[in-house]
Amino acid sequence: LGTEFIGTRVVSLDYGNLNFSGYNITGSWILTGEMREYRATSGTFGAVPISRTVDQNGKGAWELAARWSSIDLTDGPVEGGEMDILSLGLTWWLSPVTSLSLNYRYIADDKGSLEGEASGINARLMLKLN
């Protein structure tokens, strides 16, 4: 489970002091039992430590993930809008450097009189190079 918050203050001669903010909350569960290392000094999570990779005749590791993101870019006379994103994903880690994932995203935008929604599915093959 991880979360982030960002706050940005902009000092503008034309518009005065403006404040924009956003956050996300992410959670994942590795179905095959492995646990990511948390590095407290950098505030980051390590790679999935796969118990038995596919090239070792294992099943790799399977990870479910969900994320909620929100950003507000409206303050005073600046109407940048608001956006919320829900992401759901499934990743198959074949090895520490190879994974296949399938992700769904739902996006809701609100910018004054303009409102919109979008959704999509994407697939990804990731190969990490050192």
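Peer 1: For this particular structure, what's the right way to read the overall build of the protein chain?
Peer 2: Each helix and strand in the protein chain was counted, giving zero helices and eight strands. Relative to the 2.2 N^0.38 estimate, which gives 14 Å for 130 residues, the radius of gyration of the protein chain is 19 Å and therefore markedly larger than a compact globule would have. In the protein chain, buried positions account for 22% of the 130 residues. Considering only contacts within the protein chain whose residues lie at least 6 apart along the sequence, 45% involve residues at least 24 apart. With the model as given, the accessible surface of the protein chain reaches about 9200 Å², and the carbon-plus-sulfur share is 58%. Across the protein chain, the mean location of the 10 positive side-chain charges is 14 Å away from that of the 15 negative side-chain charges.

Peer 1: What exactly am I supposed to notice about a nonpolar patch on the surface here?
Peer 2: Together, Leu 1, Phe 5, Tyr 23, Ile 25, Trp 68, Leu 86 and Leu 88 make up an exposed nonpolar region whose accessible area comes to about 730 Å². Counting residues per element, the ones that place at least two in the nonpolar patch are strand S2 (16-30) and strand S6 (78-95). With respect to the element layout, Leu 1 can be found in the segment before strand S1 (2-12). On the accessibility criterion, Leu 1 (80% relative accessible area) is exposed.

Peer 1: Explain the nonpolar core to me, please; I cannot follow it from the model alone.
Peer 2: It is characteristic of soluble globular proteins that their nonpolar side chains tend to be buried jointly. Residues Ile 30, Val 48, Ile 50, Ala 61 and Trp 93 constitute the largest nonpolar core, which totals five residues. The contact partners of Ile 30, leaving out residues within four places of it in the chain, are Met 35, Arg 36, Val 48, Ala 61, Trp 62 and Glu 63.

Peer 1: Is there a simple way to explain the side chain of Glu 63 in this structure?
Peer 2: Mapping Glu 63 onto the fold places it in strand S5 (residues 61-75). Overall, the relative accessible area of 6% leaves Glu 63 in the buried class. Separated by 2.9 Å, the side chains of Glu 63 and Ser 28 make a polar contact. Here Glu 63 is in contact with Ser 28, Trp 29, Ile 30, Arg 36, Val 48, Gly 89, Leu 90, Thr 91 and Trp 93, once residues within four sequence places are set aside.

Peer 1: Just to check I follow, could you spell out the sheet that holds strand S8 (residues 114-127) for this structure?
Peer 2: Within a sheet, adjacent strands bond to each other through the backbone by hydrogen bonds, running parallel or antiparallel. Taken together, the six strands give an open sheet; going across it, the order is S1-S2-S5-S6-S7-S8, and neighbouring strands pair in antiparallel fashion. Whereas interior strands pair on both sides, the edge strands pair on one side only; in this sheet they are S1 and S8. Strand-to-strand twist across the sheet, computed as the mean angle between neighbouring axes with direction ignored, equals 10°. Looking at chain direction, strand S7 (residues 98-111) and S8 are connected through 14 bridges and run antiparallel. Within S8, the residue paired with Leu 102 across the bridge is Ala 123.

The rules behind each value
Along each chain, the written sequence defines residue order, and numbers are assigned to residues from 1. Given that the model is predicted, a residue must reach a pLDDT of at least 70 before its local features are reported, and side-chain atom pairs must reach 80 or more before they are shown or counted; all residues, however, enter totals for whole chains, interfaces and linings. Values shown for side chains rest on all heavy atoms present in the structure; no hydrogens or waters enter the calculation. In this text, helices come from DSSP runs of H or I with a minimum length of four residues, and strands from runs of E with a minimum of two, each type numbered from the N-terminal end. We compute the radius of gyration from the C-alpha atoms alone; for a globule the expected value is 2.2 Å times N to the 0.38, where N is the number of residues. Accessible area is worked out with a 1.4 Å probe on protein chains only. A residue is then buried under 20% of its type maximum, exposed over 50%, and partly exposed in between. Contact between two residues is taken to exist if any of their heavy atoms lie within 4.5 Å; hydrogens are not considered. Only the protein chains shown count as cover for residues, and all accessible areas are computed by the Shrake-Rupley method using a 1.4 Å probe. We count Lys and Arg on the positive side and Asp and Glu on the negative side, and we leave His and both chain ends out. To locate a charge, take NZ of a lysine, CZ of an arginine, CG of an aspartate or CD of a glutamate. Two distance rules govern patches: like charges are joined within 9 Å, and nonpolar side chains (Val, Leu, Ile, Met, Phe, Trp, Tyr) within 5 Å, applied only to residues with over 30% relative accessible area and no salt bridge. In the sections that follow, a salt bridge refers to a side-chain nitrogen of Lys or Arg positioned within 4 Å of a carboxyl oxygen of Asp or Glu. Buried Ala, Val, Leu, Ile, Met, Phe, Trp, Tyr and Cys residues form a nonpolar core when they are joined through side-chain atoms within 4.5 Å. Here a polar contact means two N or O atoms within 3.5 Å. Within protein one must be a hydrogen donor candidate and the other an acceptor candidate, and residues neighboring in sequence count only if both atoms are side-chain atoms. Two strands qualify as a pair provided DSSP detects at least 2 bridges between them. Lines fitted to C-alpha atoms define the axes, with helix axes restricted to the stretch in contact, and inter-axis angles between N-to-C directions lie between 0 and 180 degrees.

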